[in-house]
Amino acid sequence: MRLLRRNVDGSFELTKDIEERTRPKYAILSHTWLLDNDMEISFIDLEQGNIQSKPAGLAKIQFCCEQAAKDGLEYFWVDTCCIDKQSSAEVSEAITAMFSWYRNASRCYAYLSDVSAFQTQGKDADQDISPHVWESAFRSSRWFTRGWTLQELLAPRSVEFFSYEGVRLGDKVSLLPVIHEITGIPYETLKGGDLSNISVEQRFSWTAKRETKRKEDKAYCLLGIFNVFMPLLYGEGDYAFYRLRQEVDKKYAESTKSDHLLSMLPVAFEAAFNSRLNQHEPTCLPNTRAELLADIQKWVDSKDDRCIFWLNGIAGTGKSTIARTVARTYHERGELGASFFFSRGGGDLSNANKLFTTLARQLATRVPSARRYICEAIMRHEDVVEQSIRDQWEQLIIDPLSKIKYEVGCPTVLLVIDALDECSNERDVRAIIRVLSAARSLKNIHLRIFITSRPEILIRHSFRKIPEIEREVFVLHEISPTLVDRDLNIFFENSFSAIREERDFEDDWPGMQIIKRLVEISCGLFIWASIACRFIREGRRLAMRRINILIKGYQSGEGPEKQLDQIYINVLRNSIQQDYNEKEKEEIYAMLREVLGCIVTLCAPLSMESLANLVAIPLNDIKDTLADLHTIFNIPSQVSHPIRLHHPTFRDFILDKKRCSDLEFWVDAKYSHKRLADSCLDLMSKMLRRDICDLRSPGTLVRDIDPDHIEQCIPSNLQYACLYWVEHYRQSGLQPSDGDRIHRFFIKHFLHWVEAINLIGKSAEMGAIIRMYHSLLAVSIMKPSSNVRQLPFVKDARRFLFAFQNIIKQAPLQTYCAALAFIPPTNELKIHFRKQLHPWLKEVRIAEADIPKPKDEFNYVSDLAFTPDSRKIASGSNFEAVRLWDVSTRATLCKYEGATDKMSSVAISPDGTTVAAGSDDFTVMAWDIRTGSLHYSIKAHSGWVNSVFFSPDGRMLASGSMDETVAIFDAATGQEIRRIDNQSSCVNSATFSTDGSLIATGSVDQIVRIWDVSKETEEIRLTLDGHTGCINCVRFSQNGKLIISGSDDMTIKLWDAITGAECITLKGHTKKVMAVGFSPDSRLVVSGSEDKTVRVWNPKTGAMLSVLRDHTSGINSVLFSPNSKILASSSFDDEVRLWDTDTWSLQGKLDDFEEDVISGTLATRRSYDFDVLSAEYSTQSKGHSERVTRIVLSPDGQWLASGSEDATIKIWRNHIEHWALKGHSSAINDLAISPDSCLLASCSSDRTLRLCKRHLCDLLIEWEHGSLLLRRP
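This section reports on the structure supplied with the text.

Calculation notes
Along each chain, numbering runs from 1 in the same order as the chain's sequence is written. Reporting in this predicted model follows two pLDDT cut-offs: at least 70 for local features of residues, and 80 or more for side-chain atom pairs to be given and counted; totals over whole chains, interfaces and linings ignore these cut-offs and use all residues. Heavy atoms from the whole structure form the basis of all side-chain values; hydrogens and water molecules are not counted. In DSSP terms, a helix is any run of H or I states spanning at least four residues, a strand is any run of E spanning at least two, and both are numbered starting from the N terminus. Both definitions apply: the radius of gyration is a C-alpha atom measure, and the globule rule equals 2.2 Å times residues to the power 0.38. The rule is simple: take the accessible area with a 1.4 Å probe, protein chains only, and divide by the maximum for that residue type; under 20% is buried, over 50% is exposed, in between is partly exposed. Should any heavy atoms of two residues lie within 4.5 Å, those residues are considered in contact. When charges are counted, Lys and Arg are positive and Asp and Glu negative, with His and the chain ends excluded. Lysine's charge is taken at NZ, arginine's at CZ, aspartate's at CG and glutamate's at CD. Only Phe, Tyr and Trp rings are paired, with Trp represented by its six-membered ring, and only when their centres lie within 6.5 Å; those with planes under 30 degrees apart are stacked, over 60 edge-to-face, the remainder tilted. Think of it as a cone above the ring: NZ of Lys or CZ of Arg counts as a charge over the ring if it is within 6 Å of the ring centre and within 35 degrees of the ring normal. When DSSP finds at least two bridges between two strands, those strands are taken to pair. Interaxial angle, 0 to 180 degrees, is taken between N-to-C directions of lines fitted to C-alpha atoms, where a helix line uses only the stretch in contact. The term salt bridge refers to a pairing of a side-chain nitrogen on Lys or Arg with a carboxyl oxygen on Asp or Glu at a separation within 4 Å. By the definition adopted for this analysis, an angle is roughly parallel if under 35 degrees, roughly antiparallel if over 145, roughly perpendicular if from 65 to 115, and oblique otherwise. Should the near helix be turned counterclockwise from the far one by less than a right angle, the crossing is left-handed, whereas a clockwise turn marks it as right-handed. Lys, Arg, Asp and Glu make up the charged group, whereas Ala, Val, Leu, Ile, Met, Phe, Trp, Tyr, Cys and Pro make up the nonpolar group; the residues left over, Gly among them, are polar. Surface patches are defined over residues having more than 30% relative accessible area and no salt bridge, joining like charges when they lie within 9 Å and nonpolar side chains (Val, Leu, Ile, Met, Phe, Trp, Tyr) when within 5 Å. For accessible areas, the Shrake-Rupley method is used with a probe of radius 1.4 Å. Any residue's cover is judged against the shown protein chains and nothing else. Buried Ala, Val, Leu, Ile, Met, Phe, Trp, Tyr and Cys residues form a nonpolar core when they are joined through side-chain atoms within 4.5 Å. Each residue after the first adds 1.5 Å to the expected span of a helix. To get the bend at a given residue, fit one axis to the seven residues ending there, fit another to the seven starting there, and take the angle between those axes. Counted as a polar contact is a pair of N or O atoms within 3.5 Å, where, for protein atoms, one must be capable of donating a hydrogen and the other of accepting one, and residues adjacent in sequence contribute only when both atoms are in side chains.

### Some points on the overall build of the protein
Along the backbone of the protein there are 39 helices and 51 strands. Against the 2.2 N^0.38 benchmark of 33 Å for 1273 residues, the protein shows a C-alpha radius of gyration of 37 Å, consistent with a compact globule. Projected onto its principal axes, the C-alpha positions of the protein cover 130 × 75 × 70 Å. The buried share among the 1273 residues of the protein stands at 56%. Taking all contacts inside the protein whose residues are at least 6 apart in sequence as the whole, residues at least 24 apart take part in 59%. With 155 positive and 171 negative side-chain charges, the protein shows a spacing of 2 Å between the two charge centroids.

Encoded structure:
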């Protein structure tokens, strides 16, 4: 490396080549070459003494020489003249070593020849200068667009920037926010952070807008950035970049892997404060909120344990604006780790599904040193996306941050979470607040979390549970009115200043008195002031008229909410022209309600164009309707960009009949949701089809399809429909029923919908959407029989997704190939969609192995109960029956039948004489355990019955349900005694205390409630709040001292039954804990989990005593026998295992009920809709004269029976009608064929049931309205 040496007289000269070990301290120059390269001072110019003829090039070198002298440096280096360009070897060596030369320099001067420090030339360089003079030129400087200057920015530990006059503008630290905005390079990297922490793709992205004179240099200038070496071959052109990419890929295979791992985390891209969605949202004006922002800064910078700052305030007080200001401030300081701004109706922004995965992705970028550890967490926990909120927080954020090692100090990392109250799931809100307090456990990083929300009861209650030492609370609406009015005055003055400039109004318009009046009317609400200013501004030349409307509409003495409602009314009224006649006004109002209703009830924002296509309203009508509503909505000029509310308070107002005093504007939320739901269904019915993207090949992977092509084939309005149709029906309150439009859509387009939703990358949402649809069918207020056709079909649809989701999400067209081909023949979809099977597989025959049938998410033992003598054990099942086994022989004994849906829960009375069960058909049933006779069947609930249990004295039978109640009955008669409302939370598990005075309920809202039922009116004795996931099971210990609960959060908690204090938390399971229990002597605890293990614990010490591994599926029930000798466990694969409690060895598995193994699922025991199949048979047969209602296939596969509304039954074989059975006088409702395929049973609307021999068509038995009639053949 040659250097330039400054002489005493100020001249300079080249040194000889100096080896690294003897190299003196030196300064180095970073600059952009002159457009005319010949005007730069070269090596030859110095050798020949020809430097005076190139004044422009000489000026830069003289500047560097003089600045180095000021900094006490004798040597300096400039690339133009310190390298002999005629020597290719020297050029190659210099380019290869240049990054290290800049890195090792004592000083680096960036000389910006196109930036002046002064407004006019001729100013004294010693005078004070202001950044606003030169910042614009600095931001647009050519220096930031050149390829070589990237490494010159990053390699040196410090870079000082100088104008062309030689005036120092600042350095890399003082100009950090500006440089970050210009380059997009993370703060930590600009501050000298290790480049290896930055992904390969991110580093390449920094060069996207940089240029070099020679094509090859675009690659060569990055050698130091990636720390790779390759030979320089000038003349190779673009191939240089290809070679660079190869070298980088070889070196950074691990980094590429980390990029892939991070891409597995789903992200809400618009959640960040500086996302494209939020880029135009305001921050606090200068000199406003000064005291509050100072308090927040003091909290961030303090070193105490108050890791959470909760800023709460009523709607419209400016919480989000403050949150954006805080996020922007610490972003510019390089201390913002991540941000998430919730937004109701904002799709991914309205729930917590992607909260912590989004924060983790942002942290990996903004805190590069955390990137490696976040990736390691993803590798260790492949299913982290499916895990609970607590586990995502700990595994993706807390654990990775705890592993970062800093040599000096404890850096600050701030997380900002805005509008937590707009998260739609209250359970998630509670869990989020609970887990965030773990931030104080970090010792190596000063992690602070800033949260804003309205002061909702749930949120206030959750924050109170965090010790005061760990939180800071600030109530925004309790700030001194004087300070608020001061800030509002500044806001109005600032807004009116812009209006004055736009409209050329007088300098004092509209006057201080009017501003003072508007401040008064605002009632402390910044949202009112913001709406008012937009409303006034939109008035243009009528701005003063609009001010008068606001002032006249003010109602003295009304609260802030009333003033907000009034301004919304004024804006809406002003949007309706008064020169319409009454009929025209009626039409205008109707259209306004229609459009507003759609926008405010959307689950995710849509553009005007997409909304018009979705709800079939002409685009011009939507444009005209919204033309004068820019005050309320953010309406982009382009119709393809989404419309958004300026503030969620408008939604609150327009949907509330009490607040929206003018009913011409009031929107009926249920009507709007129904309108949107029907529109979604119409659109999907019209557009969905097989191979919607014309891919042709079933093996085409989603990752290989151009996203633009998918967007073109499945536009945003169709994507919206696929994602939210069920949610809109849910919120509309609609009760689905067989044969309705939803049912017709589902049986026709289910596979098309599956294909589409996987093409748009939403496979994770697919299961949840179908579960929601299933729940709508199940909790219908109508009789369960109204959905006897839909419920089985939807269950089979869920089985289909459960079995093939992993295949379909990668290659959606496999929906019609592998999925349909390999779906079990017992699944109704196999027959219903057989014409959809890909042509390649039409002639393929699937040979089934002679092994037990595979089980799925519906096929499982759902509960266990021992008889008091421990000799028998009962279980619930996937079928409409309770099953009973002999424990010693493990042989089957009998079944108790009568329900119309699966038995989810079972219990045996303390005297061992009665077995009770709860069913998904909403009934509770009880049988004589010896004879099997049914005591009673009670329509107990309006939702699935998840738990049944006897009181210790056997006098009461209780049941807990998805309908959010616990019902208590007289065990002898089935008469209801009382009903407990479980505070609007579904009951997953419930049980009596040992003395029968208490009932414990475990709920989906993550809370265990203890109810006192010893009094005439039940009351809550205790509320046990500590889990961060749904409670799946809750039990009392036999001694009555403890309560145990198991949860989705993978933990088991023990609670003091008297005080409610949490005694101990047991951790060890790696998936949801589904079942827990005590041994009869209360000395052991047992748990079962989806991780397929049963674990035994010491409840006093928390020690894990044994792990029982033999199940091949998740555990859903565990139970000790009353004599303590046996532990029984059941699993999702329909198997029950018995364990010896002395040795914890496996005793064996209970035998299968033979008919259950044969039937496999309910699908083989029900009839099929004829809608699809009828087309095939009608071509060669007369068919029925009216609509076909049922069709069943004989077990031997040889013949088919069909029933019709024409009161006849037809027998078909080889597509030809063989017999027609007559006798019923009304429509056929159902058909069934005996296992030997010889007998056919039918029931009709004429209230008769007939049993015939199929081959003789003879009537054997007729059951008519309660009497059995025997007929001779």
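Moving on from the coordinates now.
### Quick word on the packing of aromatic side chains
On inspection of all chains with the given rule, the structure shows 45 aromatic pairs. Cation over ring: Lys 657 sits above Trp 666, and NZ or CZ is 4.8 Å from the ring centre. A cation over an aromatic ring shows up here: Arg 690 above the ring of Tyr 816, its NZ or CZ 4.7 Å from the ring centre.

### A word on the sheet that holds strand 33 (residues 1051-1056)
Ordered in space as 31-32-33-34, the four strands form an open sheet in which the pairing is antiparallel. Among the strands making up the open sheet, the edge pair consists of strand 31 (1031-1036) and strand 34 (1062-1067). Going from strand to strand, the sheet's axes swing by 15 degrees on average, the running direction of each strand aside. Strand direction decides the pairing type here: strand 33 and strand 34, joined by five bridges, are antiparallel.

### Brief notes about the sheet that holds strand 19 (residues 903-908)
Here four strands make up an open sheet; going across it, the order is 19-20-21-22 and the pairing antiparallel. Strands at the two margins of the open sheet, each flanked by one partner only, are strand 19 and strand 22 (934-939). Mean inter-strand twist for the sheet, computed between neighbouring axes without regard to direction, equals 15 degrees. In terms of strand pairing, strand 21 (residues 923-928) meets strand 22 through five bridges, oriented antiparallel. Following the sheet pairing, Met 925 is matched in strand 22 by Ser 937.

### Quick word on the pattern of salt bridges
Evaluated as defined, the whole model comprises 67 salt bridges. The salt bridge partner of Arg 380 is Asp 399, with a shortest N-O separation of 3.1 Å. Pair noted here: Arg 380 is in helix 17 (residues 368-380) and Asp 399 is in helix 18 (residues 389-402), with a separation of 19 residues, a long-range link. For Arg 380, a relative accessible area of 44% corresponds to the partly exposed category. Asp 399 sits in the partly exposed class, given a relative accessible area of 26%.

### A short note on the packing of helix 17 against helix 18
One can describe the packing of helix 17 onto helix 18 by two numbers: an axis separation of 8 Å at closest approach and a directional angle of 135 degrees. With respect to helix 18, the axis of helix 17 lies oblique. You can see that helix 17 and helix 18 cross each other, and the crossing is right-handed. The segment helix 17 lies against helix 18, with Ala 370, Tyr 373, Ile 374, Ala 377, Ile 378 and Arg 380 engaging Gln 395, Leu 396, Asp 399, Pro 400 and Leu 401. Of the residues that constitute the contact of helix 17 with helix 18, the class distribution is eight nonpolar, one polar and two charged.

### Focus on a negative patch on the surface
Side chains of Asp 579, Glu 582, Glu 584, Glu 586 and Glu 587 sit close together on the surface and give a patch of like negative charge. Relative to the helices and strands, Asp 579 resides in the loop between helix 25 (560-574) and helix 26 (582-601). Judged by its relative accessible area of 61%, Asp 579 falls in the exposed class.

### What to know about the nonpolar core
In this structure, Phe 450, Phe 633, Phe 650, Trp 725, Phe 750, Trp 753 and Phe 800 are the most contacted members of the largest nonpolar core, which totals 142 residues. Sorting elements by how many residues they give to this core places helix 33 (residues 741-759) first, with 11 residues. Excluding residues that lie within four positions of it along the chain, Trp 753 makes contacts with Met 684, Leu 688, Cys 722, Trp 725, Met 766, Ile 769 and Ile 770. In this structure, Phe 12, Ile 83, Val 167 and Ala 219 belong to the second largest nonpolar core, which totals 82 residues.

### Considering the pairing of strand 20 (residues 914-919)
For strand 20, the buried fraction is high: six of the six residues fall into the buried class. The side-chain alternation of strand 20 yields two buried faces, one formed by Thr 914, Ala 916 and Gly 918 and the other by Val 915, Ala 917 and Ser 919. When strand 19 meets strand 20, the two strands line up antiparallel, connected through five bridges. Residue pairing for strand 20: Ile 908 is matched across the bridge by Val 915. What sits between strand 19 and strand 20 in their antiparallel hairpin is a turn of five residues, with Gly 912 showing a positive phi close to 75 degrees. Here five bridges tie strand 20 to strand 21, and the two strands are oriented antiparallel to one another.

### Observations concerning helix 18
For helix 18, built from 14 residues, the straight-helix expectation of 20 Å at 1.5 Å per residue is met to within 8% by its first-to-last C-alpha distance of 18 Å. The largest bend in helix 18 comes to about 30 degrees, at Gln 395. Most of helix 18 is tucked away: 11 of the 14 residues are buried. For helix 18, the set of buried residues is Ile 389, Arg 390, Asp 391, Gln 392, Trp 393, Gln 395, Leu 396, Ile 397, Ile 398, Pro 400 and Leu 401.

### Thoughts on unusual backbone geometry
Geometrically, the link from Trp 509 to Pro 510 is a cis peptide bond, its omega value of 0 degrees lying close to zero. In this model, Arg 540 sits at a positive phi of 55 degrees, which is unusual for a non-glycine residue. With respect to the helices, strands and loops of the structure, Arg 540 is situated in the loop between helix 23 (526-538) and helix 24 (543-552). Arg 540 gets classed as partly exposed once you look at its relative accessible area, which sits at 47%.

### A look at helix 35 (residues 790-808)
Between its first and last C-alpha atoms helix 35 spans 23 Å; for 19 residues at 1.5 Å apiece the expected length is 27 Å, and the helix comes up short by more than 12%. By the criterion of burial, helix 35 is predominantly enclosed, with 14 of the 19 residues buried.

### Some remarks on the side chain of His 749
Here His 749 shows up in helix 33. For His 749, the side chain forms a polar contact with the side chain of His 752, separated by 3.0 Å. The residues contacting His 749, other than those within four sequence positions of it, are Ser 685 and Leu 688.

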